[in-house]
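Overview (structure and organization)
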Amino acid sequence: MRDNRPKDGFVEWGMFVIDVIVVGGGPVGLMLAGELRLHDVHVLVLEKLAEPTGQSRGQGLHARSVEMMDQRGLLDRFRAVSEEYRVGGLFGGIMKPWPDGLDTAHPYGLATPQPVTERLFNEWVRELGTEIRRGCEVVGLDQDGDGVTVGLADGTHLRSRYVVGCDGGRSTVRRLLGVGFPGEPAKVETLLGEMHLTEDPATVAAVVEEVRKTQLRFGAAPVGDGAYRLVVPAEGVSEDRTLPPTLEEFKQQLRAFSGTDFGAHSPRWLSRFGDATRQAERYRVGRVLLAGDAAHIHPPTGGQGLNLGIQDAFNLGWKLAAEVRGWAPEDLLDSYHAERHPVGAAVLDNTRAQIALLGTDPGATALRGLFSKLMDFEEVNRYVTEMITAVGVRYDFGEGHELLGRRLRDVKLKQGRLYELMRGGRGLLLDQTGRLSVEGWSDRVDHVVDTSEELDVPAVLLRPDGHVAWAGEGRRELLDGLCRWFGAATG
Ligand SMILES: Cc1cc2nc3c(=O)[nH]c(=O)nc-3n(C[C@H](O)[C@H](O)[C@H](O)COP(=O)(O)OP(=O)(O)OC[C@H]3O[C@@H](n4cnc5c(N)ncnc54)[C@H](O)[C@@H]3O)c2cc1C
């Protein structure tokens, strides 16, 4: 692997020392940086904050993200610090048992607070040789046919071949590109924070249970070492949600909804979030792309934002690496928008549906009751759970085998497991016939001859993100699949 550390003349004009600048060192930027480094791409992550905030917004990884961690050899690290959960209630808080028969070998989520996820990603990308520059805010962007010039707040400039804006919901990159962000503005606002309470835990639990009968945006849950994570509706919708509430404002809202502020004191952090729902019109403009919250924002119902964002990065990483390495077929980079924009739009829609179900008016209450009954049907429960956990995602690769476009679940092989073979982020031909070949693509695609009792197809060609690019046994069709996704043969 090439040395990715800064070199003398790093900022030198006209030299494409940097392949990709990732703007934003949140979970999505870090995931993307790791994916690029697997392909020896020279990545620089620019993060405006000098230190992480420590604020725990995302609460965990859903099943598809758990699979991705396994595919990159990161699962043991996550499991070592996370509780496994198999509870229903992922959709609109409607409590149902975890459904049987989910299409995954990892039918569970991991309760991993966002700062822990970010710490683990930081460790991983640093091991892969990524440079992360903190305290570095991007304020300008200018692209031409050869690359992108990135302006920093300190007045200096950097030059790279590509830039990816992973800079969150208020993305500067998106704004500088002039990409529209249509959708609905925030109608309600919620206060969120971690603090200590003087009230005894049993009383806190009883009050929360009572208030939640009519207000589902109210909650208090212990987070360890005596502190609680609290949510409560704000009084109105603020102009600037980057301004945190004061403790007094928080306590006033607690009293307004429950009659008590639980003796809240010593906040670790306080914040506010809205329910705005928006999506970038384009995920790519020339050499600049958008991923994560920079590309889509929606209410946190169902806990999907971080998951959706790191799944964007998983889709984009190998494609951008293929461009940089020079073997990308035409349209490969554009397939990022073509595949991920509809997935993002579907998540926005499911959060809109959840918000409607969370209403307190008689119509919403009746709808919630009806939906709750429908979810007693195992198939409905499974459909909804596969939607929220993203294991149901299928990209449109055209007509073909039923597996085409879906990501393949982990399967046991005679020698080991499928996901253990995907750690390097390369393509993979899993060949149960022993008669196929990837000659001409072996620098990009691994060929594994093995069999699995769980796989009812002679062979599958997997993209680096685990989605099925081809399934069958014909050599001619396999060649088409290799050319379509991995470019021209070499040698
Ligand atoms: C209350 C709440 C609960 C949530 N719960 C869940 C959950 O349970 N599950 C889930 O999946 N998701 C959840 N989410 C959503 C999740 O937190 C976000 O989707 C996730 O943080 C998005 O990651 P990101 O990397 O795209 O953006 P961010 O995490 O916002 O990171 C963007 C980074 O870019 C940096 N940056 C911004 N501008 C610049 C610039 N100009 N130059 C350089 N750096 C810049 C920022 O400092 C930041 O570090 C929740 C969100 C909220 C508000």
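Per chain, the residues get numbers from 1 upward, laid out in the order the sequence is written. Thresholds applied to this predicted model are a pLDDT of at least 70 for local features of residues and 80 or more for the giving and counting of side-chain atom pairs; totals over whole chains, interfaces and linings are not thresholded and use all residues. Side-chain measures were taken over the full set of non-hydrogen atoms in the model, leaving aside hydrogen atoms and water.

Description of a nonpolar patch on the surface
- Candidate patch residues must exceed 30% relative accessible area and have no salt bridge, after which like charges are joined if within 9 Å and Val, Leu, Ile, Met, Phe, Trp or Tyr side chains if within 5 Å. Each accessible area is a Shrake-Rupley estimate made with a 1.4 Å probe; only the visible protein chains count as cover when residues are assessed. Any carboxyl oxygen of Asp or Glu that lies within 4 Å of a side-chain nitrogen of Lys or Arg is treated as forming a salt bridge with it. Together, L367, L370, L374 and F377 give the surface a local cluster of nonpolar side chains, amounting to about 390 Å² of exposed area.
- Its location among the elements puts L367 in helix α10 (residues 362–374).
- Partly exposed residues are those whose accessible area sits between 20% and 50% of the maximum for their type, while under 20% is buried and over 50% is exposed, using a 1.4 Å probe and protein chains only. Relative accessible area serves as the criterion here: at 43%, L367 is assigned to the partly exposed category. In DSSP terms, a helix is any run of H or I states spanning at least four residues, a strand is any run of E spanning at least two, and both are numbered starting from the N terminus.

Thoughts on the sheet that holds strand β13 (residues 265–274)
- Judged by pairing direction, the sheet is antiparallel, and its four strands sit side by side in the order β11-β12-β10-β13 without closing on themselves. Two strands close off the open sheet at either side, each with one partner strand: β11 (219–224) and β13. The mean inter-strand angle of the sheet, taken between neighbouring strand axes irrespective of direction, is 20°.
- Here, a strand pair is defined by DSSP locating no fewer than two bridges between the strands. The pairing of strand β10 (residues 189–196) with β13 spans seven bridges and is antiparallel. Each residue of the ladder has a partner; that of L191, found in β13, is R272.
- We call two residues contacting when some pair of their heavy atoms lies within 4.5 Å. Helix axes are fitted only over the stretch in contact, all axes being lines through C-alpha atoms; the angle between N-to-C directions runs from 0 to 180 degrees. Contacting β10, β12 (227–233) and β13, helix α7 (residues 247–258) runs over the sheet at an angle of about 70° to β12.

Quick word on the site of the ligand
- Nearness is judged by heavy atoms alone; a residue qualifies as near a molecule or strand once a single heavy atom is within 4 Å of it. In the vicinity of the ligand lie 30 residues, with E47, Q114, D293, L306 and N307 positioned nearest.
- V138 places a polar main-chain atom, nitrogen or oxygen, 3.0 Å from a nitrogen atom of the ligand.
- Each polar contact in these results corresponds to two N or O atoms within 3.5 Å; when the atoms are within protein, one needs to be able to donate a hydrogen and the other to accept it, and residues that are neighboring in sequence are counted only if both atoms are side-chain atoms. Residue D293 places a side-chain N or O atom 2.8 Å away from an oxygen atom belonging to the ligand.
- Relative to its unbound accessible surface of 1,000 Å², the ligand loses 89% to contact with the protein.
- Mapped by element, the contributors of at least two residues to the shell around the ligand are α1 (27–37), β2 (43–47) and α8 (305–325).
- Broken down by element, the shell around the ligand gets its largest block of residues, three residues, from α8.
- Looking at the shell around the ligand residue by residue, the classes come out as 12 nonpolar, 12 polar and six charged. Charged means Asp, Glu, Lys or Arg here, nonpolar means Ala, Val, Leu, Ile, Met, Phe, Trp, Tyr, Cys or Pro, and polar covers whatever is left, Gly included.

As for the pairing of strand β20 (residues 459–462)
- Side chains A459 and L461 project from β20 onto one buried face, and the interleaved V460 and L462 project onto a second face that is buried too.
- Where strand β18 (residues 427–431) lies against β20, four bridges are found, and the strand directions are antiparallel. Its bridge partner lying in β20, L430 is registered against V460.
- Inspection of the sheet shows β20 paired to strand β21 (residues 468–472) by four bridges, in the antiparallel sense.

Some remarks on the packing of aromatic side chains
- Two rings from Phe, Tyr or Trp (for Trp, the six-membered ring) form a pair when their centres are within 6.5 Å of each other. A pair whose planes differ by under 30 degrees is stacked, one over 60 is edge-to-face, and the rest are tilted. Counted according to the given criterion, the structure contains eight aromatic pairs.
- Look at F121 and W124: their rings are 6.5 Å apart centre to centre, the planes differ by 50°, and that puts the pair in the tilted class. Residue F121 and its partner W124 are both found in helix α4 (residues 114–127); the two are separated by three residues, about one turn of the helix.
- You can call W124 buried: its relative accessible area is 6%.
- In this analysis the charged atom, NZ for Lys or CZ for Arg, is taken to sit over a ring once it is within 6 Å of the ring centre and within 35 degrees of the ring normal. The ring of Y162 has R287 sitting right over it, with the charged end atom 5.0 Å from the ring centre.
- One Lys or Arg, R463, reaches over the ring of W485 and ends 4.7 Å from the middle of that ring.

Regarding the side chain of H106
- With respect to the helices, strands and loops of the structure, H106 is situated in the loop between β3 (83–85) and β4 (109–111).
- For H106, a relative accessible area of 9% translates into the label buried.
- Of note is the side chain of H106, whose polar atom sits 2.9 Å from the side chain of D70.

Concerning the domain arrangement of the protein chain
- When the domains of the protein chain are assigned, the result is domain 1 (11–55 + 115–183 + 278–358), domain 2 (189–274) and domain 3 (412–486).
- A C-alpha centroid distance of 51 Å is found between domain 2 and domain 3. Either an automatic procedure or a domain database provided the assignment from which the domain bounds are taken.

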